[in-house]
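# Analysis of the macromolecular model
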Amino acid sequence: MPELTYRADSALLSGLNQPLQDLLVRAAALAQGQQATLWLVGGVVRDLLLDQPIEHDLDLMVEGDAVAFARLLAADLEGTVSAAHLAFGTATVILKKVQAGSAVFPLALDLARTRVEQYPQPAALPVVQPAGIDQDLRRRDFSINAMALSVQTVDGHLAPTTLLDPFGGRQDLAAGHMRVLHNASFDDDPTRILRGLRLAARLGFHLEPHTQTLLATALARRRLEATSPDRIRTELCLALAEPQPEEVLRLADAWSVTPHICVPLHWTATLATRCVRARAGETTSLHPLHYAGLLTYDLTAEERNHLAVRYRLPGDAVRLLRELDALQAIRDQLTRNLRNSELDHLLRPFGVVALEVVRVAEPPPIPAVITHYLVQLRPVTQLLDGHALRRLGIPPGPQLGQILRELRAARLDNLVATRADEESWAMQLWQKIRDAE
Ligand code: CTP
């Protein structure tokens, strides 16, 4: 579990890097000029208290006109306003280049008017009305996400801040507890079940007992099944972007959530080991698609298809799942003693992610076969291209394509070495094709 920092509440904003602090000084000065009050809320406050690096975009609540403020702020910081919704009082300011030392990074500032939300019926989208910060915090998911820090400026510096923590979020952070704010929380917004899983997996937190009961009740009332598949898909994609998505799945099983999302899916030690193995030796985090493949590897083709259709998974994920179906169908062939060109012919249609997933998931000798293919064979190109063949007198058309393919096979099987070898090999083949016509 991450360590709680012992920074004084009033000094919490000093946990932000200097460029972010400078940004907030500008934002606070502008807000003060508009008689608006700014609050930093949600994940950033939680992560400042946990002394986690602040790598995500900032959520700022505005007691005042958030959209007008977003426009002013964008003009002041040379950013752009995107996704402005007058009715909801929300807007995002996009800054393309924020400088931190030698690094330059993009940043989004999500601005929203402080508000209350009412849910006309369970799992429906809320009706929103302006309200103060106290009421705004009440509509949130967990106590650890229902804290706010005032952002004000004095003499060009950030003023000592005040931490608003009406639901004991700080105490829950220290205890490692996930606690909802009221009994209808999961009924109002069942995606909170999935948000809770993500956060609990990331922080190593537990549901406090009453929240656990409420979650079980919401599951029994089939609230997840009543939630739009698109909203669920968004959460699933976020789960796959976590540092250890297999931990999210392990908790989803422990909280009995998995069967409400995908009946045949479940955590196994084997699956967790594969994820650990896939991460080993990687310097950057794995792409979420890798985890989509690794976590669904033991499903049948039909089960994977059902998942893709039900949640309308994005094109790249659907392609990956189909490629896994096809690769699993040919895995026996991969264990045979194949010529390089035969292996290339089998594996060349597949994307690298699918091949890497299979390499991690299958037993020997398949991992070595796929490594051989990816490292030694896939990057190979023959020396002659189509233009070179044209210069040898071979006309454009399907035969030229066939010669190029066979030339590649010949190179992979070490039948040609030099450019001259390739030229005479191509001419012989061209002659053979002509003789057969
Ligand atoms: N929130 C909520 N219920 C939701 C979604 C969001 O109460 N269904 C609130 C929470 O207070 C949350 C804040 O909105 O902290 C911002 O949400 P988001 O940006 O999605 O997540 P973070 O909490 O900032 O967490 P992270 O980005 O680290 O996952």
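What you see is a predicted model, and the numbers here were worked out from it, not measured in a lab. (Residues numbered from 1 in each chain as written. Predicted model: local features only at pLDDT ≥ 70, side-chain atom pairs only at ≥ 80, totals over all residues. Heavy atoms only, no water.)

### Considering the site of the ligand
The criterion, for reference: What makes a residue near a molecule or strand is one non-hydrogen atom of that residue sitting within 4 Å of it. Pairing of N or O atoms within 3.5 Å defines a polar contact, subject to two protein rules: one partner must be a possible hydrogen donor and the other a possible acceptor, and residues neighboring in sequence count only if both atoms are side-chain atoms. Throughout, the Shrake-Rupley method with a 1.4 Å probe supplies accessible areas, and for residues the shown protein chains are the sole cover considered. For the purposes of this entry, the term helix denotes a DSSP run of H or I that reaches at least four residues, the term strand denotes a run of E that reaches at least two, and both are numbered from the N terminus. Note that Gly is not counted as nonpolar here; it falls among the polar residues with everything else outside the nonpolar set of Ala, Val, Leu, Ile, Met, Phe, Trp, Tyr, Cys and Pro and the charged set of Asp, Glu, Lys and Arg. Delimitation of the domains relies on an automatic or database domain assignment.
Taken together, 14 residues form the shell around the ligand, and within it Arg 46, Arg 140, Asp 141, Asp 189 and Arg 202 come nearest. Between Arg 46 and the ligand, the recorded distance is 2.8 Å, taken from a side-chain N or O atom to an oxygen atom. Take Arg 198: an N or O atom from its side chain is 3.3 Å from an oxygen atom of the ligand. Out of a free accessible area of 580 Å², the ligand has 74% covered by protein chains. Every element with two or more residues in the shell around the ligand is listed here: α2 (43-49) and α7 (191-203). Looking at the shell around the ligand, its residues break down into no nonpolar, five polar and nine charged. Both domains that meet at the shell around the ligand, namely domain 1 (1-175) and domain 2 (176-244), each give it at least three residues.

### Structural notes on the environment of Ala 66
We count it as follows: Using a 1.4 Å probe on the protein chains alone, a residue whose accessible area is under 20% of its type maximum counts as buried, one over 50% counts as exposed, and one in between counts as partly exposed. Any two residues whose heavy atoms approach within 4.5 Å at even a single point are treated as in contact.
In this structure, Ala 66 sits in helix α3 (residues 66-77). By relative accessible area, Ala 66 is classed as buried at 1%. When the C-alpha atoms of Ala 66 and His 182 are compared, they prove to be 27 Å apart, with 116 residues separating the residues in sequence. Those residues in contact with Ala 66 that lie beyond four places of it in its chain are Gly 89, Ala 112 and Arg 113.

### Thoughts on the environment of Leu 415
Mapped onto the elements, Leu 415 comes out in the loop between α21 (398-412) and α22 (419-436). Residue Leu 415 is classed as exposed on the basis of its relative accessible area of 58%. Between the C-alpha atoms of Leu 415 and Trp 425, which are 10 residues apart in sequence, the distance is 8.9 Å.

### Structural notes on the pattern of salt bridges
To keep things clear, this is the line we draw: What counts as a salt bridge is simple: a side-chain nitrogen of Lys or Arg found within 4 Å of a carboxyl oxygen of Asp or Glu.
Per the counting criterion, the structure on display carries 30 salt bridges. Across the pair Arg 198 and Glu 242 runs a salt bridge whose closest N-O atoms are separated by 3.8 Å. Residue Arg 198 is found in helix α7, and its partner Glu 242 is found in the loop between α9 (229-240) and α10 (245-254); the two are separated by 44 residues along the sequence. The two residues Arg 198 and Glu 242 agree in class, both being buried. When the shortest N-O distance is used, the salt bridge between Arg 233 and Asp 230 registers 3.1 Å. Taken together, the positions of Arg 233 and Asp 230, both in helix α9 and three residues apart, correspond to about one turn of that helix. One salt-bridge network, held together by shared partners, links Arg 115, Glu 117, Asp 136, Arg 139 and Arg 140.

### What to know about the side chain of Glu 242
Taking relative accessible area as the criterion, Glu 242 reaches 8% and is therefore assigned buried. A polar contact is formed between the side chain of Glu 242 and the side chain of Arg 202, at a distance of 2.9 Å. In this structure, Glu 242 is in contact with Arg 198, Arg 202 and Val 248, ignoring residues within four places of it in sequence.

### Brief notes about the domain arrangement of the chain
Convention followed: Accessible area that two parts lose when put together, with a 1.4 Å probe and added across both, is what the buried area reports.
Domain boundaries assigned for the chain yield domain 1 (1-175), domain 2 (176-244), domain 3 (262-377) and domain 4 (386-436). A combined buried area of about 470 Å² lies between domain 3 and domain 4, and 43% of that area is made up of carbon and sulfur atoms. Taken as a group, Asn 340, Ser 341 and Leu 377 account for 61% of the area that domain 3 buries against domain 4, more than any other trio of residues on that side. Linking domain 3 with domain 4 are two salt bridges, by the criterion used here. A salt bridge links Arg 339 to Asp 413; the shortest N-O distance between them is 3.5 Å. For the pair domain 3 and domain 4, the number of links is six residue pairs in polar contact (both at pLDDT 80 or more). Ranked by the residues each element gives to the side of domain 3 that touches domain 4, the list is headed by helix α17 (residues 340-347), at three residues. The class makeup of the residues in the side of domain 3 that touches domain 4 is one nonpolar, two polar and three charged.

### Comments concerning the pairing of strand β3 (residues 80-85)
Definition in use: Here, a strand pair is defined by DSSP locating no fewer than two bridges between the strands.
Here β3 runs beside strand β4 (residues 90-100); their pairing, made up of four bridges, is antiparallel. Across the sheet, His 85 pairs through a bridge with Thr 90, a residue of β4. Joining the antiparallel neighbours β3 and β4 is a turn of four residues, in which Gly 89 adopts a positive phi near 65°.

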